[in-house]
Each structure stands twice: as structure tokens, then as C-alpha cells.
Amino acid sequence: MNDLFAVHYSWLFPLCPLIGAILSGFLGAKWLKSQSHWPIWIGVGISAALSLCLLFHTIQLSNTTPDTISTTITWYHWIDIGHFSAAAGAFIDPLTAVMLTVVCCIGFLITIFSKGYMAGEEGYFRFFAYLGLFIFSMTLLVMGNNFILLYLGWEGVGVCSYLLIGYYYERPAAREAAKKAFLVNRVGDFGFGIGIMLIYLTFGTVSFFGAGAGTHTGVLELATSSTLNDFQQHALAWIPFLLMIGAFGKSAQFPLYVWLPDAMEGPTPVSALIHAATMVTAGIYMIARCSTLFVQSEAALLTIAAVGCFTALFAATIALRQFDLKKVFAYSTISQLGFMFAGVGLLAPVAGVFHLVTHAFFKALLFLSSGVVMHAMAGELDMRKMSGLKHVLPKTRWLMLVGCLALAGCPFFSGFFSKDEIVGAALSHPSLLGRIIGAVLLFSAFLTAYYTFRLYFRVFEGPLVTPHAAHHNDHDHSHAHNHEPLIMILPLFILMLGALLAGYLNFPKNYLGDFLGHSPSFQLGYQTARSATGIDVPAHAFGQPGEEHLDMTTMVISGAISILGILLASYYHLKNRPASDALVQKFAPIARLLEGKFWVDEVYERIIVDPLYAIGRAFTFIDRIVVDGLVAIISFIPQLFGWSLKLTIQRGYLQGYGAAMLFGVAIILLVIFL
Amino acid sequence: MPIIRIILPELIVGTVACLLFLFGISNKPPVRRAAAAIALATLVGVFAWLCFADTTYETLIESSAAVRLGAFGHFIKLLTAGVGILLVLLNWPSNATATGNRALNFGEDAGEFFGLMLLSLAGLMLVASANDLMLLFLAIELASLPAYVMVSISRPLPVAQEAGVKYFFLGAMAAAILLFGLSYLYGSTGLTSLYAISTLFHSQIPASPADPFSFTPVLTTWQLLAIVIVIIGLLFKLAAVPFHSYVGDVYEGAATPVTAFLGFVPKASGLVALLKILFVASGGTWHVSPPLIKLIWWLAALTMTFGNVLGILQKHSVKRALAYSSVANSGYLLVGVAALIANPLGYDHAIQATLFYLAAYALMNTGAFAVLTALPARDEDPNTSAETYDDLAGAGRKHLWLGLAMAICCFSLIGLPLTVGFFGKLIIVQPALSAHLTGLVVILVINAGISAAYYLRIVGALFLRLDPSHGHPAHPGYHPHHHPAPHNPLSAPLAISLAVWLSAGSVLLLGTLLPATQILSNHTLGATILDNTPQIPTSEPARTSTAAAPL
Amino acid sequence: MSQLALQHYLAIGAIMFAIGLIGFLSRRNMIVMFLCTELMFQGVVINLVAFGAYHGNLAGQAFTIFVLVIAASEASLALGLVVLLFRQRNTLDAEAWRELRG
């Protein structure tokens, strides 16, 4: 497949956004100004076109060959120190192609949306430069052919996320949120970094597949070897847990999820791109990519599944009592990421990646739509202050509705199929824990449907209420100020098509699954899973050829549950709004608990931040008294010496200088000749 | 005409200097400006010629005439011409009447001023060529006497004249001491040719010494006394302890561009003469008497320490702090000399280190003074540039590029990586370690730490202290929307900016671009033969480190 | 006793040098200080001439000529500087000039 254009020129993927970022970053402030989006549009546009080209060509290839499709391209030799070498290069297989398409295409749509959304903001060029830098890092992350490059992209997206969350740096909340995101991610990255070091120590390389799949020179293949020594086997027990910590941090899983809700301080396109569609799914990508490492450890898989499941439920409950549109979607993102983790943890990586793709579409759509709302409401996002916006934002209302239906898992919308696959994988998992997880996920799906439509009905249906009535004197549709400019609605429309149709990627046949199954990660992962766990892993869960599986029962149940959630929401939030208040009154303690987000932040504050501060103060004290004291004493010695010199001979008397010189001469002569 | 070829650079420079004195008769501004331009053109020409000239003087080296030249002398002349270009640029008369620039005011004497400068540079070149006690003395005086006058006429302020008088009187005393030593050297050998004296001392090496690896000539007491007194006389030029006390006053009183001049020319002449005298005293083997090794060891240690502790106390005048920094740098150079005579077998790396450090020091010191020349003083006195820490307060943010240049030079003087000073310190520590001068290296490292305090104070004043005349009473950190707009990078006159950028740029370049560093270190490594190859007998064991040092 | 030997000349030279040194350090009048440096130079000159006669070559005398040239140029320089200073403060006291100090 090396002859494919997009593969041959794979370095264009990261390079074009990078050049765009450099151009708008350096020329933006002075020359490009309000045209700063052009370099990014062009750069990301090229990458997006290339990614589609790559995707279609790879699909064509996959239809003609039953083998794995993969290739390794070395861009250049990057690090070569002693025995350690890492070549900067790409590893391209169906998984990469899918991820690249998601990143570049959704990224492109969001950059287009951003032109309308960010118009006139202070530091317009800065926003686009960061965005380009982000897409550069993200493409590196999903394309890299070794762990070092993966880590580089991993940290790169972290930095861009930090910069973009703190984009409105005049606002203290934004600064704090950026700091929080960065610090919490450090915790995860610490584990991730140690994991990569351990991988290098264990296998002596950091490449995924060495010179290419089948050469058995890369980590992911060496790990499946049957001739591992003791150390390697012990290390293999640890590596998945270390990598997992990184994934939990980046993908906002319990207990490291706390940064994501605060990250909504960033501009809305950023929330859509980074904190919903792409960056936060890096953890899923990494686990799917390294499935050969993970499937060997049942404990690791179950940990992932359990944490994912708990996070899905936990975040969904918090979302029930949030009032800020973006906060609701943030918790919903955490919850949906939990679904994905449960999927990959329960040996169904295809389902996980499938949900990743559909989620990328509908969550980006939802965030951008709430961005339109925010734009129209002059920054107000509190759903208690608005109602019936369908009269003001008729197009957005439909877009939002499709997004909500997809998120709620309403049958025949994209989220339904992907969520159902995860739930199905869980329910058909042989272990009891798997089935419990399936049940919990079903309940979370019910909550998801409920809180999604609570939001929709509250904001778009019912009598018209806007937070700034004075701002909208004429409530009819013909007001001069257009709240839905084409540049913002057009990308949303494309995303809406995605949210409508992405589900059919893997339904009724496992098109996506079969395609992904050509990836060596999935194929090897499947073989390893069968031999290592002894579980009869269904072939379709890894996209391998085998019996097609269509679990109609689960589909019916999850569809019914979703519709039930929507109906419940319509009762409480459309037909009989006071009833919901009564309900809250009735369960006031629970409502407070949810509104307080289980007080996790406060608990962290008490048990982590405060003790650290205390230790810090202790160290400061020691530093000030002991270390500074020592330094003062040490620096006092030369000063004392200097003063004595200065007072004796540096007094400005010409003859004093002469006498001092002569004194020195006398000493020299005495020392040498006596 | 071999002799002419040897001294051609100093002949040209000296002749042009005489020509410039004739220019001094005229008092028209264009003529004054022309004097500077002619001086610059001469030095550029000499520099270019020396760059491409044949450096093999073997055919000429055998003559025992009054001048002899090897690759060492060639390198010194090249360095002199190169730094001379920077110094002429720094002294460029940029005001309308061509009487000087912001830092400097030589009135209508531009012809004389640049004539004196060229004479002094010619003197330094002549020191490199000299092969006779008389010529050596004359060359040293030729390098020094114009400097006395330059200090005095550098600006019409009493301090400049006070500095000139102090410099002159103490210099005359030191010259008398040097001369006394030279007369004894002549008296105890009956010879004045350095080559002849070296041969004589070589014949005094015992045929079968007690220590088979020692090739130290056995000097008579008179000869040793003569050598010691000559070395003492040279310490004044080198600004080493105990002859460092004038440095603070003189460097502070002189106009800043002239201070930069004083920081290089007399010091280099002292160092070159010191190396020559030690070479002669060792009979051409670099094996000198143990008392001399001990003497240089102590001089190096004390000079570094005195320079830095005095520098750290200067809380008012930056110029004075930099003056003591130049004393400390003499100490670092003496570490190289100590390594040279303590381990004669590794003589080439030690001389290489000393020359490399000299070149590095010349660049960073000139750069630091060049920035001071370019920055204005707080009170806009027409004849002063920045001299005190108060003048520097906040100037780095106002003149961002000048501040950065100063930061580069200061980091280099500390010896931080990515600057040439780092390699300078590194390369001078290596031979000292292989000569087992561990104590001296420890003292050097401690001194580098002490010196960081006042160099960082300069950088801190530039960037962290608030400019009091500036209207922001708030904390000095963060004004996102109204930065004080950085001035035009070339806020100083063009020639001075050029000097700043040439010196700071090469400090940075030679510290980051390893091939460039390599070129300089190769140049210095090729310039380690003073007169002829040290006559170390071939019977001795193979050298332990024949491979070139990593640099 | 009747013959003047080398050491006598050297002693004279050294004594002249020492007297010059002491005078330089003790006298405060700048012109006298300068005369003292001249005295030091002349002490050296006596050394040189004596050594020249002792070794029977002319190098010492040639050196002497050059030393005298240097001494002369230093004299002109010194007088110029001292006159400049005198114009400023009307005094020749070396200690009046200590505006520059540590």
C-alpha cells in the first residue's frame, strides 16, 4: 500500500497544519489579522482531503485482500543514542486511517465554524495558530509509528489543550481551568511516561511494529511472543496499568476526570474539537492500538471496563442536575468516554472505536450548536434562563435535536448502534462482572436519554424566554441580526449528516468492524485474546471474519430504554415543568449531591491539595531558615573578604595603590627567594 | 624582505597612525570622520590580509633578528586586528560634529585619538613579533603609552583625567620595575635576543638530571631574580594581583569605549609577553623552575578571587564591576598559563586553551562594554552613557535587543552553556586538570559561582528592575495590553550597534554553532608554537594525550 | 678597593631605583613623583651601561638609548597630564584626586 499517494506523502498530514500554525502565529498579529484563519483552513483542509483519500483507498484495498493492511514509513531518523533509536515515521493501517479522518475532517469543519464564532475576538490569530498546532500534534499522535512519537503527540495535544482552555486568560476561571487540566494530565502522563520507559527496558525498542507488521521487531508483536523471560512477563503485567493511567488522564476517566468540566472555560469550538471529538479519545485509540498488550492481562481489562462503567454512570448522574449547557455536555462526554472504555475493556475494541467515531460527530454537533446558542444569547448558557429558543434559532433547533437523538441513543440514530454494540458486548461477556457492567451501562444510557432531552426540551421547547430580553426586542423571525450565520450552520449541517448516518457504518453488516479488522493491532489482539484469556472472544468484536452477530434483543431493550428516557424527560420538562421542581424538592439531598458533583473537587482539595500546600509551606520554611541562612553565610565570606580589600587598598589614593603594589612585589620576592 | 613580511601588519597600522596624526591638524568634522573610517579600513584590510596570508614562517623563523614570528604571533595579530575593528566601531564619532559619541568625547582630536589607538594596536602586534628584550620593552610601551593619553582625552570630565594620571603614574612605576628586571636579564646572560637567551638557558639543562623527565634549565639566582622581576613588571599590564588596584579607578574614569579598549589591548600585550618570557626562561622546553610554577599558581588563584570578590561588592557602578570582572578574567587566563608550565608535555592544549579564552574574553568583554556604550545614562548628560546599575534599571525592556545582547555577554562571562564563555572555561579547565592543578580548578569553579552573582545583577537590573522614570508604579510583571513598546533595535548609532551585534553575535554563534567553535579552537591549536617547537628531547616517553582535545 | 667593579655600579643602580621608588610613594607633589620615576629609570640605565661594559658588547648602551627615548616620551606625557590636572584644581597634590575609589 506504499504506492498510495496519501501514504507516500504521509508527512503532509502533520506538516500542513504545522505550517499553517506557524504562518498564522507569526504573521497573524501584524499582517493577517482577521484573515488569520486562511493558513489553517488551507493546511487542515489539505490534511482533511488527504485523510479522505487515504480512507477510501484503504477501504478499497480492504475489499480486495483478506490480509492485514499496514505499512511503516520512516520520515527521518529522529533519535539515535547508543542502542536507543526512534525513527520519526508513520504507521498506517485502517485504525490510523479512521482516526485521521475523524481528526482532520472534524477539525476542518470546526476551523470553518470558528471563523464565524471567533470573529472579532481578541487574539483571533492566536486561536487559529493553537488550533493548527493542536491538529499537528493530534495527527502525530494517531500516526506515529512508535511510543515516543505517540508520547510527543500526547504531550503536544496536552499543551494545546492547556493553551486553548486558557485562551481567555483575562478570566481567572479560565486560567485556573487551564492549570487544572494541565496538572491533572500530568498525573496521567507520569504513569504513561513510566509505562513507555518500562516498555523500552522490556523490549529494547519503542516501535509499534518495528519495520512493519509481521517482522516481529516491534513492541506490539514482541509482547505476544511465547519466549518471554521472567522479567518481560512481570513487566507485561505492569505495562498495561501504567499506560492505562495515561489513558484515564487524557480521556477524563474517574478519578482523573475533574479537569474536563472546567475545561469548558475555553472557546466552544475548542470544547467541540479537543474536549469532545478528538483529544479525549486518544486514550481509547491508544488502548485499541496496543490491544496486544492489554488483552494479555485480564485484570487490566476488567479494571478498564469497571472504571469506564463507573465513570459512565457517575458522570451521567452528575449531568442530571447541571444547568450550564456546556457542562451538561462535558459530563455527557465523560460518560460516553466511559462507555468506550467499557467497550475496549470488555474485549470489544471495534465497538469502542465505533462509538468513538459516532460520538465524535454528534458531540461535536452538540457542542457547536450550544456554541451557536451561546453566541446568540451573548454568552449565556444557563438553561434556567432560557426556553423555547426554537423560535429564535430554528435551524439550530433541528441540528440540536438530531444531536440529542443520537446522544440519547434513539433508534436509527448513530449513537444508538454504537452504544448498543458496547452494551451487547458487555451483556454477552462470559463473566458475571461483564453482565453487571452491561446492566449499569443500560441504566446510564437511560439517564443519558433523560438528561439530554431535559436539556433539549428546556432550551428549545416551551414558551420563549431569553436571558437578555432587551437584546431581542422583536421576537419574530425577521430580526435584522442573524444569529445563525451560514459559516457556522454549514459545518453543523455536515456534522448533522454524520450524526444521522455514522451509525450505518457498522450496521446492518460490520463494515467498519471488517475494515478495522485488517489492522494488525486488531488481528494480533484477537489472536492473543483467544490464546491468553481462554475466553471465547467473538470474532466480530475484533472485526475478524467469523459469524455475523446481530443481537436483536439488546437492540430492542436499549432502544426502548432510550425512548423511555426521552418520554420521561418530555413529561417533566416539556409538559409539566413544575412537576420536575416538585421532584427535586422531594429528593433535595440527592439533588444537592448531584449539583455539588459529589463534591469530588472539594474532596480532592482537602486530601490532595491542602496537604501538598502544607508540605510546601514546611519546605518553604526550611528553605528560608536553613538554606537561605547557609547561602547568606556562604555569600558573606567573599563579601567580608571584599570589604577588607576595598577598605584597605581601594580608597582612591594613587600612592596607596603604588604602596599596595610594592607590598605585593615584596611578598612575591620574599616567597620565592627565602 | 622577510623581516618586512613579518612586521608588515604593524608597519601598516603604525604608518597609518602617523598619517592620522597629520589628519589631526585639520579641525573639520568630515576629516575627523575620515580618520575613523581610515582606521577602520586599515584594520579591516590588515585583518583580511592576515586571514588569507601564509602562516608558515619556517623560512623566516631561523633568523635570530629582532623580530621573529610563528603561528602564535600570527594568531595574536589576527586577534588584534579583529578586536581592533570592534574597538574602532565602538569609538566611532557619531555626533554631528564628529567629536565622539554619547559615551565618548575626544573633542576635535579625532585624528589623534584614532592615531593613538592604531599605535597601541601596532604595539600589541609588535609584542607578538618581538624577539629582543629592547624591542619587547619598546613594543609594550608602544601599546601602553597611547592608552594613557586615550584615557585622559576620552572625555572632558575630571574623572577621566584623574583616571589617566593614575594609570600613567602607576604604569610608569610598573614599567620601571619591568625595565629593572630586563636589565638584570641582560646582565645575567649578556644577551638581548630572546632566541639567544633561550638557547643559552637550554644549554643549562642538566645532562643527567635526577628526575629523568625533568628538562628544567638550572638558572642562576640572578637569572631567576631577573625573570621574576620581569614577570612582576608584566603583571601590571595583565591587571593581575598585586597590580590590580588601579583597574577599578581607571576603567571607571575612562569613557566606556576606551574602557573596552583597556580591557583587551594592554592585557593581551602582557599575556603575550608573559608567555614569551616563560618560554625563554624554560630554554624553549616549557619546563620552568618550580618556584615560577608556584608563583603563577598563586597569582592565578588570587587574581580570580580578588577580581570576583571586589566585583561582587560594586553595587553602584556597572563599569567598576566589569573592571573587576576583567581582573578575574586575567586570573582565568593565568590558570591556562599555570597549566602550561605545570604540565609542559601538554603544552599545546594549554596554549590553545589560553588563546581560546583570550579570544572569547575579548569578544564578551567588548560586547558588554559595547552595550554600556549604546545605552543612555539616566540623566541625559551628553558625555555619559550608562554606567551605574540605576542607569540600567529597566533598560533591557526599553531597548530589548541591547538588553538581550548584554544578557548574552553576561551569561558568557559566567560561562553558561550556549555561549562561547562556556567553551572557554571548559577548554581551560581541561589542561589544568591534566596538569593535576585540581586545587586551582576548584578555585576557578568557586569563582565562577561568585562571579555569577554580579553578572546576574546586571541582567537583573536590565530586565527586572523598574525604570523609575517610567510611569508604572505597579508590580514589574505583567502588562498584557500596554507593553512599553520596544524601541527600534538599532536605537544606538549604527557603528555602535554593529559593534554590539558583531561581538554578542559571535559570542552566541561560537557557543551554539559547534563548527564555528571548532574553527576557532583549531586556529588556536595551530597557534601554540611560540618560537620554534619546544626542544623537548625525543627520549622521553610518548605523550599520553596526543589526540586533539574534543574541541 | 681602587677598582670600580660591576657590583659597585649595580649597587648604585639599585640604590637609585630604590630612592626613586621610595620618593614615588612618599612625595605628594605630582611633578616630584614623576621625577622619582625618572630616577628609577636612570637607575636601570646605570645597570644597563655597567652590564654592557661588563659583557663587552654594545647591547647595553643601545638599550640605554631606547630607555632614554621612552623616558623622554613619558616626561612629555607626564607634564601634559599634570598641567591638565593643575588647570582643573590649582594643586599638584596627588591626594587631591580621589574622586574615583572603590
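Everything numeric here is computed off the predicted structure, so don't read it as measured data.

(A) Spotlight on the overall build of chain A. Along its length, chain A carries 27 helices and two strands. The buried share among the 674 residues of chain A stands at 55%. Of all intrachain contacts in chain A linking residues separated by at least 6 positions in sequence, the fraction that spans at least 24 positions is 78%.

(B) Broad picture of the overall build of chain B. The number of helices and strands found in chain B is 21 helices and two strands. For chain B, the residues scored as buried account for 66% of the 551 residues in total. For chain B, the proportion of contacts with a sequence separation of at least 24, taken over those separated by at least 6, is 80%.

(C) Spatial organisation of the interface of chain C and chain B. Tallying the contact residues gives 32 residues for chain C and 30 residues for chain B. Of all the secondary structure elements, the ones that give two or more residues to the side of chain C that touches chain B are helix H1 (6-26), helix H2 (30-55) and helix H3 (59-89) of chain C. Broken down by element, the side of chain C that touches chain B gets its largest block of residues, 15 residues, from H3(C). Residue composition of the side of chain C that touches chain B, by class: 21 nonpolar, eight polar and three charged.

(D) Structural view of the interface of chain A and chain B. On the side of chain B, 22 residues touch chain A, which itself brings 21 residues to the contact. Among the elements of the structure, helix H26 (600-649) and helix H27 (654-673) of chain A are those that each provide at least two residues to the side of chain A that touches chain B. Within the side of chain A that touches chain B, the residues separate by chemical class into 14 nonpolar, six polar and one charged.

(E) Region of interest: the confidence of the model for chain B. All names here are of chain B. Scored by pLDDT, chain B comes out at a mean of 86, with 88% of its residues at no less than 70. Per-residue pLDDT stays below 50 along residues 471-490; that stretch engages in eleven contacts with residues further than four places along the chain or on separate chains. Across residues 537-551, confidence stays below pLDDT 50; counting only partners more than four residues off in sequence or on other chains, it has 14 contacts. Here the predicted complex scores 0.66 on pTM and 0.96 on ipTM.

(F) Representation of helix H19 (residues 432-460) of chain A. Residues and elements named next belong to chain A. Its 29 residues place the ends of H19 42 Å apart at the C-alpha level, agreeing with the 42 Å of an ideal helix rising 1.5 Å per residue. Taking burial as the measure, the 29 residues of H19 include 22 buried ones, the bulk of the element. Count one or two residues on from H19 and you reach glycine 462, which has phi positive near 80°.

(G) Looking closely at the environment of B:Trp49. Residue and element names in this part refer to chain B. Topologically, tryptophan 49 is positioned in helix H2 (residues 29-52). A residue is classified by how many C-beta atoms lie within 10 Å of it, and tryptophan 49, with 15 of them, is partly exposed. Between the C-alpha atom of tryptophan 49 and that of leucine 78, which follows or precedes it by 29 residues, the distance is 9.1 Å.

(H) Layout of helix H9 (residues 230-250) of chain A. Residue and element names in this part refer to chain A. If you check H9, its first and last C-alpha atoms are 31 Å apart, about what 21 residues at 1.5 Å a residue would give, namely 30 Å. In H9, a bend of some 25° at tryptophan 238 exceeds every other bend along the element, and proline 240, a proline, comes one to four places later. Every buried residue belonging to H9 is among Leu236, Ile239, Pro240, Leu242, Leu243, Met244, Ile245, Gly246, Ala247, Phe248, Gly249 and Lys250, and all of these are buried. The positive-phi residue at the C-terminal boundary of H9 is alanine 252, with phi of around 55°.

(I) A look at the packing of helix H14 (residues 347-374) of chain B against helix H17 (residues 400-414) of chain B. All names here are of chain B. The N-to-C vectors of H14 and H17 enclose an angle of 150°; their axes lie 9 Å apart at closest approach. Judged by the angle between their axes, H14 and H17 are roughly antiparallel. For H14 against H17, the interelement crossing comes out left-handed. Contacts between H14 and H17 involve Met364, Gly367, Ala368, Val371 and Ala374 on the former and, on the latter, Leu402, Ala405, Met406, Cys409, Cys410, Ser412 and Leu413. Looking at the contact of H14 with H17 residue by residue, the classes come out as ten nonpolar, two polar and no charged.

(J) Expanded view of unusual backbone geometry. The step from A:Phe254 to A:Pro255 runs through a cis peptide bond, and the omega angle for that step is 5°. Even without a glycine there, the phi angle at B:Trp286 is positive, about 65°. Within the element layout of this structure, B:Trp286 appears in the loop between helix H11 (256-281) and helix H12 (290-313). Even without glycine at this site, B:His436 takes up a positive phi of about 60°. If you trace the backbone, B:His436 turns up in the loop between helix H18 (420-434) and helix H19 (438-463). A tally of 12 C-beta atoms within 10 Å means that B:His436 is categorised as exposed.

Cut-offs applied
Residues numbered from 1 in each chain as written. Chains lettered and ligands numbered in written order. Predicted model: local features only at pLDDT ≥ 70, side-chain atom pairs only at ≥ 80, totals over all residues. Helix = DSSP H or I, 4+ residues; strand = E, 2+ residues; numbered from the N terminus. Buried ≥ 20, exposed ≤ 12 C-beta atoms within 10 Å, placed from the backbone. Contact = placed C-beta atoms within 7 Å. Nonpolar A, V, L, I, M, F, W, Y, C, P; charged D, E, K, R; others polar. pLDDT = per-residue confidence, 0-100. Expected span 1.5 Å × (residues − 1). Bend = angle between axes of the 7 residues up to and from the residue. Axes fitted to C-alpha atoms, helices over the stretch in contact; angles between N-to-C directions. Parallel < 35°, antiparallel > 145°, perpendicular 65-115°, else oblique. Left-handed = near helix turned anticlockwise from the far one by under 90°.

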